[in-house]
Amino acid sequence: MDNKEFYIQNDGIRIHAKLDFPKMPAGSIERFPLVIIIHGFTGHMEERHIIAAAEAMNEVGYATLRAEMYGHGKTGGHFCDHTLYKWVTCALAVVDYAKTLDFVESLYLCGHSQGGLLTILVAAMEKDLFRAIIPMSPAISIPECARSGELLGCHFDPEHIPEILKMDNGRTLNGNYIRIAQTIDVDRAIDRYNGPVLLIHGSKDETIPIRYSYKAAEKYKNATLVVIPEDTHCYDHHLELVTEAIRKFLLQIDIQVERT
């Protein structure tokens, strides 16, 4: 099978996606597990840590479907107008597309940062679909911070949200981002998913403190937390430990499946 780049239509928004296959011997059965991979806030599918994760999955026999969410990368919509609800609807459109692929034998979901939070939310919505999920540096803190009035370098009155918020990096967000984030119940989402979970987090993450992943690992029914020592939100120092954890986790899932 050939790798491909394409767009998925979703209510007038074109979702940019790339499908990559593992290298298999000629004549082998071309059915694979598929991992959907989502980037983070201000990110895109070609970031170093996203590509590394995808390649690690391909190396152990998993196909990958990287997708860019609303207002990011080459997907439609403006960054300033994106919200978690818009990301959820985009992600569900990608999931629906994945369900139509004949080669898919099982589905997995992986996301980094805001994409990690999205992974937690979508897994709860499709709790019987995903064999396992991999939230990487998940931005579990977003709803809590939105309710407290301090998020993304912005300070605001959480009871009287401004129409436009200006972040430290100069980019702007519509106030609807905050309004919607305030409605998200991460604990309920965690409670709904019973499958295997691999949480990966850098111990020196200054964007999303690692304590959020520790709490999530305790709340999930079947979770493993891999701490990347002395590393950052995007794993600037020990990315090889991230890919090692991903390969090990997926190979363990394969063994469990073979035993059942």
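One numbering rule holds for all chains: residues counted from 1, following each sequence as written. For this predicted model, a pLDDT threshold of at least 70 governs which residues receive local features, and a threshold of 80 or more governs which side-chain atom pairs are given and counted, while totals over whole chains, interfaces and linings are taken from all residues. Side-chain figures throughout are based on the complete set of non-hydrogen atoms in the structure, without hydrogens or water.

A. Inspection of the environment of aspartate 11 at higher detail. Within the element layout of this structure, aspartate 11 appears in the loop between β1 (4–10) and β2 (13–20). In sequence terms aspartate 11 and cysteine 90 are 79 residues apart; their C-alpha atoms lie 9.3 Å from each other. Put simply, DSSP H or I for four residues or longer makes a helix, DSSP E for two residues or longer makes a strand, and each gets a number counted from the N terminus.

B. Region of the structure containing the sheet that holds β2. Strand pairing follows a simple DSSP-based rule, namely that at least 2 bridges must link the two strands. Spatially, eight strands are ordered β1-β2-β4-β3-β5-β6-β11-β12 in an open sheet, and the strand pairing comes out mixed. Of all the strands in the sheet, just β1 and β12 (223–228) have a single pairing partner and so form its edges. Taken over all neighbouring pairs, the strand axes of this sheet differ in orientation by 20 degrees on average, direction set aside. When strand β5 (residues 104–112) meets strand β6 (residues 130–136), the two strands line up parallel, connected through six bridges. In this analysis, axes come from line fits to C-alpha atoms, helices being fitted only over the stretch in contact, and the angle between any two N-to-C directions falls in the range 0 to 180 degrees.

C. Layout of the packing of helix α2 (residues 84–99) against helix α3 (residues 114–125). Here α2 crosses α3 at 65 degrees, and the two axes come no closer than 10 Å. With respect to the hand of their crossing, α2 and α3 are arranged in right-handed fashion. For the pair α2 and α3, contact is made by Leu84, Trp87, Val88, Ala91, Leu92 and Val95 and by Gln114, Gly115, Leu117, Leu118, Leu121, Val122 and Met125, respectively. Along the lines of polarity and charge, the residues of the contact of α2 with α3 split into eleven nonpolar, two polar and no charged. Should the near helix be turned anticlockwise from the far one by less than a right angle, the crossing is termed left-handed; should it be turned clockwise, right-handed. Working rule for contacts: check all heavy atoms of both residues, and any pair within 4.5 Å makes them a contact. Side-chain classes follow a simple rule in which Ala, Val, Leu, Ile, Met, Phe, Trp, Tyr, Cys and Pro form the nonpolar group, Asp, Glu, Lys and Arg form the charged group, and the remainder, Gly included, forms the polar group.

D. Structural view of the pattern of salt bridges. We count a salt bridge whenever a side-chain nitrogen from Lys or Arg sits within 4 Å of a carboxyl oxygen from Asp or Glu. Per the stated rule, a full pass over the model turns up ten salt bridges. Glutamate 59 is the salt-bridge partner of arginine 247, the closest N and O atoms lying 3.1 Å from each other. A residue pair is termed long-range when its members are at least 10 positions apart, and arginine 247 in helix α8 (residues 239–259) and glutamate 59 in helix α1 (residues 48–59) qualify at 188 residues. Overall, arginine 247 belongs to the partly exposed group, its relative accessible area being 26%. Think of it in three bands: with a 1.4 Å probe and only protein chains considered, a residue is buried below 20% of the maximum accessible area for its type, exposed above 50%, and partly exposed in between.

E. Examining the nonpolar core more closely. Residues enter a nonpolar core if they are buried and are Ala, Val, Leu, Ile, Met, Phe, Trp, Tyr or Cys, with the set joined through side-chain atoms within 4.5 Å. If you look at the biggest cluster of nonpolar residues, it comprises 69 residues, and the most contacted ones within it are Leu34, Leu65, Met69 and Phe103. At ten residues, α2 tops the list of elements feeding residues into this core. Not counting chain neighbours up to four residues away, the residues in contact with leucine 34 comprise Leu19, Ala63, Thr64, Leu65, Ala98, Leu101, Phe103, Val104, Ser106, Leu107 and Tyr108.

F. View of the packing of aromatic side chains. For this analysis, a ring pair means two rings from Phe, Tyr or Trp (six-membered ring only for Trp) whose centres lie within 6.5 Å, classed as stacked if their planes differ by under 30 degrees, edge-to-face if by over 60, and tilted for the remaining angles. Counted according to the given criterion, the structure contains seven aromatic pairs. Consider the rings of phenylalanine 41 and phenylalanine 79, whose centres lie 5.3 Å apart with planes at 70 degrees: the pair is edge-to-face. With phenylalanine 41 in the loop between β3 (32–38) and α1 and phenylalanine 79 in the loop between β4 (63–67) and α2, this residue pair connects regions lying 38 residues apart in the sequence. One aromatic cluster is present, formed by Phe21, Phe32 and Phe103 through successive ring pairs. We note arginine 171 situated over the ring of phenylalanine 79; from NZ or CZ to the ring centre the distance is 3.8 Å. If you follow lysine 215 out to its NZ or CZ, it ends over the ring of tyrosine 212, 6.0 Å from the centre. Each ring is checked for a lysine NZ or an arginine CZ that lies within 6 Å of its centre and within 35 degrees of its normal; such an atom marks a charge sitting over the ring.

G. Seen up close, the layout of surface pockets. A pocket, in this scheme, is an open set of points on a 1 Å grid over the protein atoms alone with protein on both sides within 12 Å along at least 5 of 7 lines, while a cavity is a set where a 1.4 Å probe fits but cannot get out; residues line either one if an atom lies within 4 Å of a point. Grid points are joined across faces, edges and corners, and a volume is the space filled by probe spheres set on the points. Taken as a whole, the largest pocket spans an internal volume of roughly 520 Å³. Forming the boundary of the largest pocket are 27 residues, of which Phe41, Leu151, Leu152, Thr207 and Ile208 lie nearest the centre. For the lining of the largest pocket, the elements supplying multiple residues, two or more each, are α4 (141–148), β7 (150–151) and α7 (211–219). Ranked by residue count, the leading element in the lining of the largest pocket is α4, at three residues. Residues that form the lining of the largest pocket fall into these classes: eleven nonpolar, twelve polar and four charged. One number sums up the size of the second largest pocket: a volume of about 270 Å³. Taken together, 14 residues make up the lining of the second largest pocket; nearest its centre are Asn3, Asp20, Phe21, Pro22 and Asn58. Considering each element in turn, the lining of the second largest pocket owes the most residues, five residues, to α1. Residue composition of the lining of the second largest pocket, by class: six nonpolar, three polar and five charged.

H. Quick look at the pairing of β12. Pairing of strand β11 (residues 197–202) with β12 involves six bridges; the strand directions are parallel. The residue bridging histidine 201 from the neighbouring strand is valine 227, located in β12. In terms of handedness, the path from β11 via α7 over to β12 forms a crossover that is right-handed. By convention a crossover is right-handed if, when the strands point away from the viewer, the path from the first strand over the helix to the second runs clockwise.

I. Structural view of α4. What α4 keeps buried is the set Ser141, Ile142, Pro143, Cys145 and Ala146. The elements touched by buried residues of α4 are α2, α3, β7, α5 (175–181), α6 (186–192) and α7. Glycine 149 sits one or two positions beyond α4 and adopts a positive phi of about 95 degrees.

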